[in-house]
Amino acid sequence: MNRFGAIALGAAAIVAIVAPFFLRRYGIYLISMWAVLTIAAIGLNLTLGYAGQVSLAQGAFVGIGAYTVALLTQAGWPYPVAFVCAGALCFAIGWLLGYPALRVQHHYLAFVTLAFTTLVFLVLRNEEWLTNGIYGINGIDRPVLFGWSTGSALDFYFFCLGMLAFLSATTWWMLRSPWGRAFLALRENPIRALSLGLDTRRYTLMAFAIGSSLGGMAGALYAPLVQFIEPNSFALGLSFNLLLMVIVGGSGFFFGPFVGALVAVLLPEWTRFTEGYYLLIYAALVMVMMAFCPSGLLGLVGRVSKAMTRRAPSPPLLRVEGTDP
Amino acid sequence: MESFIQLLVSGLATGAIYALIAVGFSLLWQTSHTINFAQGEFVMLPAFFILAVMNAGAPFWLAALIGIVLSVIVLGLLFKVVIVDPMLKYGVLPLVISTIALSLFLKEAAKDFYSSQAQPFPTLVPATDLAVFGAVVSTQSLAVLAVAITTVVALHLLLHKTRLGRSMQATAQNPTLAKILGIQVERMVLYTFLLNAVLVAIASILITPIYLAKFTNGEVLGMAAFLAAIIGGFNQVRGAILGGLILGVLDNLSAVYLSSQYRGAFPLLILIAVILLRPHGLLGRAEERTV
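Residues numbered from 1 in each chain as written. Chains lettered and ligands numbered in written order. Predicted model: local features only at pLDDT ≥ 70, side-chain atom pairs only at ≥ 80, totals over all residues.

Colleague: Is there a simple way to explain the overall build of chain A in this structure?
Modeller: Along its length, chain A carries 14 helices and two strands. A globule of 325 residues ought to have a C-alpha radius of gyration of about 20 Å, and chain A, at 19 Å, matches this closely. The principal-axis extent of the C-alpha atoms belonging to chain A is close to 55 × 50 × 40 Å. A burial count over chain A gives 47% of its 325 residues as buried. Taking as baseline every contact in chain A between residues at least 6 positions apart, the subset at least 24 positions apart corresponds to 76%. (Helix = DSSP H or I, 4+ residues; strand = E, 2+ residues; numbered from the N terminus. Rg over C-alpha atoms; globule rule 2.2 N^0.38 Å. Buried ≥ 20, exposed ≤ 12 C-beta atoms within 10 Å, placed from the backbone. Contact = placed C-beta atoms within 7 Å.)

Colleague: When you look at the overall build of chain B in this model, what are you seeing that I'm missing?
Modeller: Along its length, chain B carries eleven helices and two strands. Each helix and strand of chain B, ordered N terminal to C terminal, gives the series α-α-α-α-β-β-α-α-α-α-α-α-α. For 291 residues, the compact-globule estimate of 2.2 N^0.38 gives 19 Å, and the C-alpha radius of gyration of chain B, at 19 Å, lies within 12% of that figure. When its C-alpha atoms are laid out on the principal axes, chain B stretches across 60 × 50 × 35 Å. Relative to all contacts within chain B whose residues are 6 or more apart in sequence, the contacts with residues 24 or more apart total 73%.

Colleague: Just to check I follow, could you spell out the interface of chain A and chain B for this structure?
Modeller: One widely used convention gives an interface's size as the accessible area the parts lose upon coming together. The interface of chain A with chain B comprises 34 residues on the first partner and 34 residues on the second. Elements supplying a minimum of two residues to the side of chain A that touches chain B: α4 (79–104), α5 (108–126), α11 (236–249) and α13 (278–292) of chain A. In terms of residue class, the side of chain A that touches chain B is made up of 27 nonpolar, seven polar and no charged. (Nonpolar A, V, L, I, M, F, W, Y, C, P; charged D, E, K, R; others polar.)

Colleague: I would appreciate a short explanation of the environment of F37 of chain B in the present structure.
Modeller: Residues and elements named next belong to chain B. Along the chain, the position of F37 falls in the loop between α1 (2–32) and α2 (39–55). Between the alpha carbons of F37 and V147 there is a distance of 25 Å; along the sequence they are 110 residues apart. Excluding its chain neighbours within four sequence positions, the residues that come into contact with F37 are V96, T99, I100, S103 and G222.

Colleague: Would you take a moment to explain the nonpolar core for this structure?
Modeller: Soluble globular proteins: nonpolar side chains tend toward being buried together. Counting residues in each nonpolar core, the largest one holds 197 residues, and the members touching the most others are I39 of chain A together with A19, I21 and A228 of chain B. Considering every element that reaches this core, the biggest residue donor is helix α8 (residues 185–211) of chain B, with 16 residues. Apart from residues lying up to four places away in sequence, A19 of chain B is in contact with A148, A228, A240, I241, G244 and L245 of chain B. (Core = buried A, V, L, I, M, F, W, Y, C linked by C-beta atoms within 7 Å.)

Colleague: What is the right way to read the environment of A273 of chain B from this model?
Modeller: Here A273 of chain B lies in helix α11 (residues 265–277). Exposure remark for A273 of chain B: the 12 C-beta atoms within 10 Å place this residue in the exposed category.

Colleague: What is the right way to look at the environment of G180 of chain A in this model?
Modeller: All names here are of chain A. Position of G180 among the secondary structure elements: in helix α8 (residues 178–188). For G180, a count of 20 C-beta atoms within 10 Å translates into the label buried. Between the C-alpha atoms of G180 and Y203, which are 23 residues apart in sequence, the distance is 9.2 Å. Other than its neighbours up to four places away in sequence, G180 contacts M174 and L175.

Colleague: I'm lost on the packing of helix α7 (residues 153–176) of chain A against α8 of chain A in this one. Help?
Modeller: When two helices pack together, their arrangement is captured by the angle between the axes and the distance separating the axes. Residue and element names in this part refer to chain A. Close contact between α7 and α8 brings their axes to 4 Å; oriented N to C, the two are set at 80°. Regarding the angle of α7 to α8, the classification is roughly perpendicular. Residues M174, L175 and R176 of α7 lie in contact with α8, whose contacting residues are G180, F183 and L184. (Axes fitted to C-alpha atoms, helices over the stretch in contact; angles between N-to-C directions. Parallel < 35°, antiparallel > 145°, perpendicular 65-115°, else oblique.)

Colleague: Mind showing me how you'd approach the confidence of the model for chain B here?
Modeller: Reading predicted coordinates in detail is not appropriate for stretches of low pLDDT. Confidence in the prediction for chain B averages 85 pLDDT; 96% of positions are at 70 or higher. The weakest mean pLDDT in chain B belongs to strand β1 (residues 129–132) of chain B at 73; the strongest belongs to α2 of chain B at 92. (pLDDT = per-residue confidence, 0-100.)

Colleague: It is not clear to me how the packing of helix α2 (residues 25–50) of chain A against α11 of chain A should be interpreted in this structure. Could you clarify?
Modeller: Residue and element names in this part refer to chain A. α11 packs onto α2 with a crossing angle of 70° between their chain directions and a minimal axis gap of 9 Å. In terms of their interaxial angle, α2 and α11 are classed as roughly perpendicular. Between α2, through L37, A40, A41, L44, N45, L48 and G49, and α11, the contact on the second element is made entirely by L242, L243, M245 and V246. A breakdown of the residues in the contact of α2 with α11 according to their chemical character gives nine nonpolar, two polar and no charged.

In structure tokens form, the structure reads like this:
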């Protein structure tokens, strides 16, 4: 990362810490939601940005994580245990789901995950003995961690922000490890990675499972944030939204999901004046962006700064397929 | 047994509509590697075109014709020129995202500019019931089957018996070789887009009297098209037809005999089974171009 990037990152971190003190309750709720969605989008970015597979199941994994935490904590389990269970369960399901889909052909994952999201929705809606069906689960408590009660909006925001920092640092570290380099190789040139002896299928599956697990953990934060969950929140719409977040931010860029989730959370608020036309405008913007800059907003920033400095291209770590010179 | 025949006929009728949608879907994939995630919305929209023309005072048959022409222009020509062409150079993935955004766009447009309420839509034939071998079969199902079969036969004749159709097939199978042989590949690709638009418009006229004209119709229909295409075989027109019919019949039978709550789940389980056991679909060939 260059100096400009480091400064931007530092400034963003300060804003994230200071901002809630200037916001009212709803504003704090929005930025908490941003943190939660960012975690889910980071997970999806592993699948989409690094392994190049379209997944439409991330919303379902958020749902599985949210229901896991809601049910376990209401059964009296401590929150941290429930949190780990949510992540582990989604990892396992992701592995089982990705295995058949990735065994065959690319593009199949998109369809299998589309089907999976619908299945999860049906189970959440129909299995009333477990999930309380369409009535959802009410009154999910915010956790008390080591004597720190996260009951207030502000405290819970800092909990979410802390988890975001922790999970994104873990992901960053993972991508930097020798093992994680394989993901990058996968993105840069899958055929070459294969010929160098990388089991690309296994790494793709691993990326998908880890990404699903991050989705589950985002769900584990979502449930106590909203304190009420119902099946409709985790239908196909959420998965589409998460996918668009990753794309809008810039898939394959580490900070793409942060930007994409911010746009997705703030845009509806800023375009209130357009009333019902917000989604219409959003969809049109995405299409325009895909036509002119498929590498997303961060790709656009990279392109502009490259044009301004006319220097060597950005370090290979942050390059996106298709835009290589 | 009577109710079984009844379910079978109505299942085949819905299945035939799914088949039309799936055929268009796989045609686009074959000729231009476009995975159209907005295919369901493509079926939803022509009904609104037709309703809009009818609101202007036109009779149904005229409105239907104008609706088909409009969808050929909007969902065929404009879709190809505005959305697909600028994106093809980036590969499959950005186009997938773009069609996902397009599906959202079309859905919202129908809701915002027409109505968020379900609109009644005229049927092809007056709805009465006929007794066939003791079973009660609605004339509507029979009319749907007749139109769908006619369309499929016409499509088959076009693709296999005319020079144009064979050129289109050649383009789908090997674009480079087709070009060398003097086929205008670009034009053939455009024709498949126009053909797809006609197919979805016909499907729209057939399905909307059953579903009513709703902006959310595309969700179910798009899913059905994917499932049918994959179950039958992604790279085969015959496969898409078979997949559509299986799906329609299965959907009806499972809702009655197994569980109506999990009606939507059975096709998905079939999908997963097909992907595990016969990844290229029931009638599909393993693809030659894998990367």
